Amino acid sequence: ATPVSYDYVIVGAGTSGLVIANRLSELSNVTVAVIEAGDSVYDNVNVSSTTGYGLAFGTAIDWAYQTTNQSFGGDIVQTMRAGKAIGGTSTINGMAYTRAEDIQIDAWEALGNVGWSWEVLFPYYKKSQQLQIPTEAQAAAGVTYDAADNGFEGPLKVGWNPALNVGDVHTVLNETYAALGVQWSEDVNSGRMVGYNRYPSHIDVALNIREDAGRAYYYPIANRTNLHLYPNTLAHRMTWDTTAQIPTANGVVVQAVNSTTPYTISANKEVILSAGALASPLLLELSGVGNPAILSKYNISTVVDLPTVGENLQDQTNTGLAIDTAGNTSYSGTSDYVAYPTAADIFGSEITNISATVLAALPSYAATVAAASGNVTKASDLLSFFKIQHELIFSTTHPVPIAEVLLTPSGTAVDCEYWALLPFARGNIHITSATAGVPAAINPNYYMLDWDVTGQIQVAKFIREIFATQPFAGLLGTETKPGFDVVPQNATNAQWQAWNNGVYRSNFHPVATAAMMPKEVGGVVDTSLKVYGTANVRVIDASVLPFQVCGHLVSTLYAVAERAADLIKSEM
Ligand code: FDA
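Residues numbered from 1 in each chain as written. Predicted model: local features only at pLDDT ≥ 70, side-chain atom pairs only at ≥ 80, totals over all residues. Heavy atoms only, no water.

1. Re the packing of aromatic side chains
Any two aromatic rings considered together are summarised by their centre-to-centre distance and by the angle between their planes.
Part 1: Per the counting criterion, the structure on display carries 21 aromatic pairs.
Part 2: With a centroid separation of 5.5 Å and 10 degrees between ring planes, the pair formed by Trp63 and Tyr65 is classed as stacked.
Part 3: Look at Trp63 and you get partly exposed, because its relative accessible area is 31%.
Part 4: Between Trp184 and Tyr196 the ring centres are 5.2 Å apart and the planes differ by 70 degrees, which places this aromatic pair in the edge-to-face class. Highlighted residues: Trp184 in the loop between α6 (169-179) and β7 (195-197) and Tyr196 in strand β7, separated in sequence by twelve residues. (Phe/Tyr/Trp six-rings, centres within 6.5 Å; stacked < 30°, edge-to-face > 60°. Buried < 20%, exposed > 50% of the residue type's maximum accessible area, 1.4 Å probe, protein only. Helix = DSSP H or I, 4+ residues; strand = E, 2+ residues; numbered from the N terminus.)

This is the structure in structure tokens:
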């Protein structure tokens, strides 16, 4: 193939990668290549449909990564979905647009990431966003927002689904949640997430189609002559300038899907890995950046000794309850009723005890997680992270939400998906071969720690309380999932756990596999998202988030990528 060279080579035309591609190619004197394993999904109705969540699962645009056996989580393998397309996972996700709790981003700075705080990131959330205001009917049905918290001129259209239910369920739920101490929240994207709200989505309201990263950040500028996107092209690994003193990437080996011949796309300035939290760390390892003990198993020479590449993996787990509506009503619409309760909301009078129990358990959690990584992550570092996380969860003055409770009234039933937001477990992802594209060993260690199990179970109990609280209770009939025959009203945690282990799934929010943290505490990238020990390799995607956030991920990833693009420009 013809030799090709660009200033910046980005791997992954996904949620984050396309922000970088767009912002860098704004500069006409800079050339940018984007390498993407998937194809265009512009005309794929499984993507564009605004009511078609799940249609793309298991199709060619779903990587459907498999975990290792989850020994703490029911001895089963889980599927971790991720988008393989121009637009990445934003083309197959649930389109929810909810950010993070402000103090949760401030915690990044507390970890030692100077310059990464809510105050710094907030303008970038707004920079990426173009809020479309709700219709009168939606406003009448409870949709609220605060203009000061939203951007109106960014590339990403955000708004309320035309299929949003404008019936009276909202009023009923609002009163029900208030009775449980969960108050209406004016704007979930203000940095204060706790409460009940009707969140917006990333959606083009006028066209009634999904707004994915391709539509927001790529197609409008695809004709820039300094930007070239290579679809259907798998990146294998980076190449290094052997004359440089500090490891300096000078290209990416790639292979088109319809070809058997790899070739190299050269990078004059930088290589940026935006392949996602379940792919970017693998590209580092395949390029010789990682734990020498792992690299040597596959005869990969170590270029940078950075053992924590692929460690610190954090995901959540998702379970569902359902109840019929006894013929009282027939709802329809989207799953846009969300509650973000605090630990105090769901644990009630037990909260002080639970807080103390978890605090006392942190040293053993840290030791367990460290041991599971072969002590590549250090118990003392983990303990300091866990103390920050404990304070976020159990603060008596400003706690973050601890669960997402998503209600979908459909037909004559109400489905309720839920997930505990902040498990302490950390897992890892590593290569199993020196060949790109071979499935990795992905181990999120679901339910490794007591808190992770207790949290998920307590949310289920709280949902039973929601179902039993008026006025919502008056509309409901019999619980169908799990049902009292399967998990009795006064079930023990062991009974809940037995049921949960058979039905849970990944919540598809993997983060932190190339975490932004000081190197001394196990970080992989610095505060400019540059990989430690390299001159010019950055990771910009969900891999760099050091902690899980309470909102869904894309809003935060767009903001991080917007800021990262500015950081790169400031170094030009
Ligand atoms: P992303 O996955 O977007 O991009 C990575 C890109 O790199 C992909 O296009 C991939 O094909 C490509 N790639 C990977 N390896 C490669 C290689 N070797 N060579 C070339 N290309 C390669 N979030 C949210 O905010 N709201 C929601 O409702 C949901 N719901 C949801 C549902 C489901 C089913 C999933 C799977 C996820 C969500 N999420 C979500 C999470 C969110 O969508 C996700 O975290 C981000 O889109 C991830 O963005 P990244 O930029 O990290 O990677």
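2. Topic: the side chain of Thr556
Part 1: Inspection of the secondary structure puts Thr556 in helix α15 (residues 553-570).
Part 2: If we ignore the near neighbours within four places in the chain, the residues touching Thr556 are Arg99, Ala100, Trp108, Tyr125, Leu545 and Val549. (Contact = heavy atoms within 4.5 Å.)

3. Things to note about helix α12 (residues 379-394)
Part 1: Helix length check: α12, at 16 residues, gives a terminal C-alpha distance of 21 Å against a target of 22 Å (1.5 Å per residue), a fit within 8%.
Part 2: Buried positions along α12 lie against α3 (102-110), α10 (343-347), α11 (351-372) and α13 (450-468). (Expected span 1.5 Å × (residues − 1).)

4. A short note on the nonpolar core
Part 1: Counting residues in each nonpolar core, the largest one holds 178 residues, and the members touching the most others are Ile20, Trp108, Leu284 and Trp451.
Part 2: Per-element accounting of this core gives the leading share, eleven residues, to α15.
Part 3: Sequence-distant contacts of Leu284, that is, excluding residues within four places in its chain, are made with Met238, Leu273, Val289, Val309, Val524, Val531, Val537 and Val539.
Part 4: Residues Val47, Ala56, Ile61 and Ile92 belong to the second largest nonpolar core, which totals six residues. (Core = buried A, V, L, I, M, F, W, Y, C linked by side-chain atoms within 4.5 Å.)

5. Quick look at the sheet that holds strand β5 (residues 129-131)
Part 1: What the four strands build is an open sheet, ordered β5-β6-β8-β9; its pairing is mixed. Unpaired on one side and paired on the other, β5 and β9 (209-210) mark the two borders of the sheet.
Part 2: Examined bridge by bridge, β5 and strand β6 (residues 156-159) share three bridges and lie parallel to one another. From the neighbouring strand, Leu131 faces β6, where its bridge partner is Val158. (Pairing = 2+ DSSP bridges.)

6. Description of the pattern of salt bridges
Part 1: Scanning the model with the defined rule gives 14 salt bridges in all.
Part 2: The closest approach of N and O atoms between Lys127 and Asp566, which form a salt bridge, is 3.9 Å. A residue pair is termed long-range when its members are at least 10 positions apart, and Lys127 in helix α4 (residues 118-128) and Asp566 in helix α15 qualify at 439 residues.
Part 3: Taking relative accessible area as the criterion, Asp566 reaches 27% and is therefore assigned partly exposed.
Part 4: Between Asp204 and Lys157 there is a salt bridge, with its nearest N and O atoms 3.6 Å apart. Within this pair, whereas Asp204 is found in strand β8 (residues 201-204), its partner Lys157 is found in strand β6, the two being separated by 47 residues in sequence.
Part 5: Salt bridges here are not isolated pairs; linked through shared partners, they connect Arg23, Glu26, Lys127, Glu562, Asp566 and Lys569. (Salt bridge = Lys/Arg side-chain N within 4 Å of Asp/Glu carboxyl O.)

7. Considering the layout of surface pockets
Part 1: Volume-wise, the second largest pocket comes out at about 180 Å³.
Part 2: Lining the second largest pocket are 16 residues; nearest its centre among them are Thr308, Val376, Lys519, Val521 and Gly522.
Part 3: Of all the elements, α12 adds the most residues to the lining of the second largest pocket, at three residues.
Part 4: When its residues are assigned to classes, the lining of the second largest pocket shows six nonpolar, five polar and five charged. (1 Å grid on protein atoms, 1.4 Å probe; cavity = no way out; pocket = protein on both sides within 12 Å on 5 of 7 lines; lining within 4 Å. Points joined across faces, edges and corners; volume = space filled by probe spheres on them. Nonpolar A, V, L, I, M, F, W, Y, C, P; charged D, E, K, R; others polar.)

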